[in-house]
Amino acid sequence: MKSDRQRTYIETIVYGEVGIATLLHFLVDGLCACALYLLAGTFNGWNPIAFFVVYNVLAFLTQPLTGICADKEEVRHWLLLTADALLATGAVLSAILAASFHTSIPVAGLYLTAIVLGLGNSLFHVWGGKETVCSVGNDMPALGCFVSTGALGLAVGIVFCSWTLLFVLLGAICVLTMLYASTSKRNLKATTHEKKASPLPQRFPRGAGGLLLAAVVAFVVIRSLTGEAFSASLTKTDSIILLLGATSMMGKMAGGWLARWGGLVPMMMVAVAGSLLCYLLRESHLALLLLGLFLVNTTMPVTLYLANAVLKHREGLAFGLLAAALIPGFLIALLLK
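Only a predicted model underlies this, so the values are computations on that prediction, with no experimental measurement involved. (Residues numbered from 1 in each chain as written. Predicted model: local features only at pLDDT ≥ 70, side-chain atom pairs only at ≥ 80, totals over all residues. Heavy atoms only, no water.)

Details of the pattern of salt bridges
Our working definition: A pairing counts as a salt bridge when a side-chain nitrogen of Lys or Arg comes within 4 Å of a carboxyl oxygen of Asp or Glu. Comment: elements are numbered from the N terminus, with helices defined as DSSP H or I runs of at least four residues and strands as E runs of at least two. We call a residue buried when its accessible area falls under 20% of the maximum for its residue type, exposed when it is over 50%, and partly exposed in between, using a 1.4 Å probe and counting protein chains only.
Tallied over the entire structure, the rule returns three salt bridges. The closest approach of N and O atoms between Asp71 and Lys130, which form a salt bridge, is 2.9 Å. Taken together, the positions of Asp71 in the loop between helix H3 (63–70) and helix H4 (77–100) and Lys130 in helix H5 (residues 106–136) put the pair 59 residues apart, joining distant regions of the chain. Exposure class is identical for Asp71 and Lys130. Each is buried. In this structure, Asp139 and Arg260 form a salt bridge, with 2.3 Å as the shortest nitrogen-oxygen distance. Here the residue Asp139 occupies a position in the loop between H5 and helix H6 (140–159), and Arg260 occupies one in helix H10 (residues 238–262), the gap between them amounting to 121 residues. With relative accessibility at 8%, the residue Asp139 sits in the buried group. Residues joined in a network through salt bridges with shared partners are Asp71, Lys130 and Glu315.

Given below as structure tokens:
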């Protein structure tokens, strides 16, 4: 039996690791947005839509495969993060080369950067989702905390896009990666993992788990489409981009706590009904649009929680499936513009 002091120390370690993952999410998404927009602005008269589509498809649709690899017992978590830091470094180097020699290798340089960024982002998100669940169990507030900061990172990377910001973000990613690798203590996590008992059944009736997972994936597709619709309803100034990013972040972060406090089903019912009403009235007022975006994002930690409950001990696959489900909604919204 461990003493209260030992348990407090263990919890400090694991929640510290979740904090590192959360901060890294902000940095990684910020770096990706910054690099993409730097290159898109370098090539005058070039249509960057295909460039962004390649990045998003690789960053999200590959996550189920990345998740399956991450779930293998022999794969060490710190190696996943180290590989992501190396890919981020490679992406920055390829971005520098593409920008420096864009008159001779425009297409190759652009797509090389998009590919490396996409693969690195895929690896990071699966690592972070799996790391959070393995650290503190299937805890909705912790899941919401991890997924939240990426939205603000994207906004900051777009608005303050510069080579200086790109180098600062990369340096911070490398420093935090080394900190994580040096302090991560895998043997201490079992005690906190046991504390997070799931209110859902330990084993689902035959077929029920699959139906629940399919429903969650379908819900994520609709949520992605709805979120894009809220975002597209506004003219994108720097202030609006930052406001949208902050609103999305607060919604994701609040969702886990609201579900724990008010109950999973009531919270989802309120979020869905409220976001639908805001969607119908989204042209009326900025506050309604932001409220709708907030409510849509509160459902994110809940869907992750449900996917992890169905796919026990396959946290990487659970996170990857829901990430991949974002792309159909994104592409549909892109076609409807």
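Text resumes after the structure shown.
Notes on a nonpolar patch on the surface
Applied cut-off: Only residues whose relative accessible area exceeds 30% and that form no salt bridge are eligible for patches; like-charged ones are grouped when within 9 Å, while nonpolar side chains (Val, Leu, Ile, Met, Phe, Trp, Tyr) are grouped when within 5 Å. Exposure was quantified through the Shrake-Rupley algorithm and a 1.4 Å probe, taking into account, for residues, occlusion by the shown protein chains and nothing else.
A contiguous nonpolar patch, built from Leu276, Leu277, Leu280 and Leu281 and spanning about 400 Å² of accessible area, is present on the exposed surface. Within the secondary structure, Leu277 sits in helix H11 (residues 264–280).

Remember, this is a structural readout, not a statement about activity or role.
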